[in-house]
Amino acid sequence: MTATGVGLRTKTVHGVALCDDPAREACFTVVHTDAEMHEWPGMSDVSRRERIHRHMNNECGAMEIAAQALVDFPDAPWDLRMRVARQAADEARHVLLLARRLDELNGHRGEFPVANYEWGVTNMVNTLPGRLAIENRTFEAGLIDLLGSLRTTWREAGDETTAEVLDAILSDEITHVRFANRWIRRLTEENPRVLLDVAMAVRFLARVNQALEPAVGSVNAVGVAFTAESRRPPAVDVDARLEADFTEEEVREVLRQAGFRSILPREVS
Ligand SMILES: [Fe+2]
Ligand SMILES: [Fe+2]
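Definitions and cut-offs
Residues numbered from 1 in each chain as written. Chains lettered and ligands numbered in written order. Predicted model: local features only at pLDDT ≥ 70, side-chain atom pairs only at ≥ 80, totals over all residues. Heavy atoms only, no water. Helix = DSSP H or I, 4+ residues; strand = E, 2+ residues; numbered from the N terminus. Rg over C-alpha atoms; globule rule 2.2 N^0.38 Å. Contact = heavy atoms within 4.5 Å. Donors = N, O, S within 2.8 Å, 3.2 Å for Na, K, Ca; no water. Buried < 20%, exposed > 50% of the residue type's maximum accessible area, 1.4 Å probe, protein only. Tetrahedral: all angles 85-135°; square planar, octahedral: opposite > 155°, others 65-115°. Lys, Arg positive; Asp, Glu negative; His and termini not counted. Salt bridge = Lys/Arg side-chain N within 4 Å of Asp/Glu carboxyl O. Polar contact = N/O pair within 3.5 Å; in protein donor to acceptor, adjacent residues only side chain to side chain. Axes fitted to C-alpha atoms, helices over the stretch in contact; angles between N-to-C directions. Parallel < 35°, antiparallel > 145°, perpendicular 65-115°, else oblique. Left-handed = near helix turned anticlockwise from the far one by under 90°. Nonpolar A, V, L, I, M, F, W, Y, C, P; charged D, E, K, R; others polar. Arc of directions from axis to C-beta. Pairing = 2+ DSSP bridges. Core = buried A, V, L, I, M, F, W, Y, C linked by side-chain atoms within 4.5 Å.

S.K.: Give me the lowdown on the overall build of the protein, citing residues and values where you can.
M.R.: Along the backbone of the protein there are 9 helices and 4 strands. The C-alpha atoms of the protein give a radius of gyration of 18 Å, which matches the 18 Å a tight globule of 269 residues would have. Across its three principal axes, the protein shows a C-alpha extent of roughly 50 × 45 × 35 Å. Considering only contacts within the protein whose residues lie at least 6 apart along the sequence, 73% involve residues at least 24 apart.

Below, the structure is given as structure tokens:
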């Protein structure tokens, strides 16, 4: 399988062909698997900095995936291209918010390794609906669930400022997932073959995940063990997913996959 975007090459990780990494400044150490990352449990100072550093690079990847889609699919409907362009601008803002917060917490760019997993997987898919299904409808929808819990984690750890940054990012991510849901539905209605593109993309992602998932009991680069718990999907933010235009049936399916763990609805202020 080859990378399908303009000007992209592939790399092989655990026997799987993925799109080769996007350019990064020389200060960054780019790695290829979770096992090489420096993810810490808990909310120690180093864990806080690494969480923000990792999230910052992931937001950079989301920006690059959206920008690459604009290059690769010049014939996509104009309104959809505008949505993707606005997404790229939002993601750039997310990178800056997190970079600023990292500075405030006395961290620095390149302090921890970074991996470009989402970029590597998404750009192996040669259709825009397929890429939206992976990046927006799966990775970013997962981020919605994760942020739903994380902002509470940061608040409970006494860091209201980071919690507010995550709140702001979350509300943008809901719009990214929503336009992908709406456009995939619309394109499928116009051409049922699109559903096949989406199904193939999702199946490809499942294959990659299976090949790259760290074994339970193995450890990462700072000696933290991967547990069955760490491999579980995050609790589902039902409220936010419905806001992002997933159907109730789709939310039920995600809930089932997450062992029926969910985040309580947000308080209305
Ligand atoms: Fe983002
Ligand atoms: Fe996003």
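Still more ground to cover, so stick around.
S.K.: Can you tell me about the coordination of the iron ion (ligand 2), naming the residues and giving the values?
M.R.: Coordination of the iron ion (ligand 2) by the protein involves Glu91 (OE), Glu140 (OE), Glu140 (OE), Glu173 (OE) and His176 (ND1), with metal-donor separations of 2.0 to 2.8 Å. When the donors of the iron ion (ligand 2) are listed by position in the chain, the intervening gaps give E-x48-E-x32-E-x2-H. Distance-wise, the iron ion (ligand 1) is placed 3.4 Å from the iron ion (ligand 2), both being coordinated by Glu91. In this pair, Glu140 is assigned in helix α4 (residues 128-156) and Glu173 in helix α5 (residues 160-190), connecting sequence segments 33 residues apart. One exposure class covers both Glu140 and Glu173, and it is buried.

S.K.: With reference to specific residues and values, describe the coordination of the iron ion (ligand 1).
M.R.: Summarising the metal site, the iron ion (ligand 1) is bound by the protein donors Glu59 (OE), Glu91 (OE), His94 (ND1) and Glu173 (OE), whose distances to it range over 1.9 to 2.2 Å. Relative to the metal, the 4 donor atoms surrounding the iron ion (ligand 1) lie at angles of 93 to 134 degrees, and the coordination shape comes out tetrahedral.

S.K.: Which residues make up the side chain of Glu173, and what values do they have?
M.R.: Here Glu173 sits buried without a salt bridge, and the closest side chain of opposite charge, Arg93, lies 9.0 Å off (N-O distance). A polar side-chain atom of Glu173 sits 3.2 Å from a polar atom in the side chain of His94. Apart from residues lying up to four places away in sequence, Glu173 is in contact with Glu59, Glu91, His94, Glu140, Leu143, Ile144 and Leu147.

S.K.: Tell me about the packing of α4 against α5, residues and numbers included.
M.R.: Viewed as axis vectors pointing N to C, α4 and α5 meet at an angle of 155 degrees, and their least axial separation amounts to 8 Å. Of the possible angle classes, the one that applies to α4 and α5 is roughly antiparallel. Remark: the crossing between α4 and α5 carries left-handed chirality. Its residues assigned to classes, the contact of α4 with α5 shows 19 nonpolar, 4 polar and 8 charged.

S.K.: Can you explain helix α9 (residues 248-257)? Please cite residues and give values.
M.R.: Here α9 has its buried residues at Val251, Val254 and Leu255. Across the axial projection of α9, the buried residues extend over an arc of 105 degrees, all falling on one side. Away from its buried face, by an angle of more than 90 degrees, α9 presents the exposed residues Glu249, Arg252 and Gln257. Backbone geometry just downstream of α9 places Gly259 in the positive-phi region, at approximately 70 degrees.

S.K.: Which residues make up the pairing of strand β1 (residues 10-13), and what are the values?
M.R.: Of the two faces of β1, only one is covered, namely that formed by Lys11 and Val13; the face formed by Thr10 and Thr12 stays uncovered. Where β1 meets strand β2 (residues 16-19), 4 bridges bridge the pair, whose relative direction is antiparallel. Along β2, the bridge assignment pairs Thr10 with Cys19. Once β1 ends, the chain turns through 2 residues before running back antiparallel as β2, passing His14 with a positive phi of about 50 degrees.

S.K.: I'd like to hear about the nonpolar core, residue by residue, with values.
M.R.: Ranked by size, the top nonpolar core spans 31 residues in total, and within it Met56, Ile144 and Trp154 carry the most contacts. At 7 residues, the largest contribution of residues to this core is made by α5. Not counting the four nearest positions on each side in its chain, Met56 is found in contact with Phe28, Val95, Leu98, Ala99, Leu102 and Arg109.

So, to be careful, I would describe these as geometric facts and stop short of saying anything about function.
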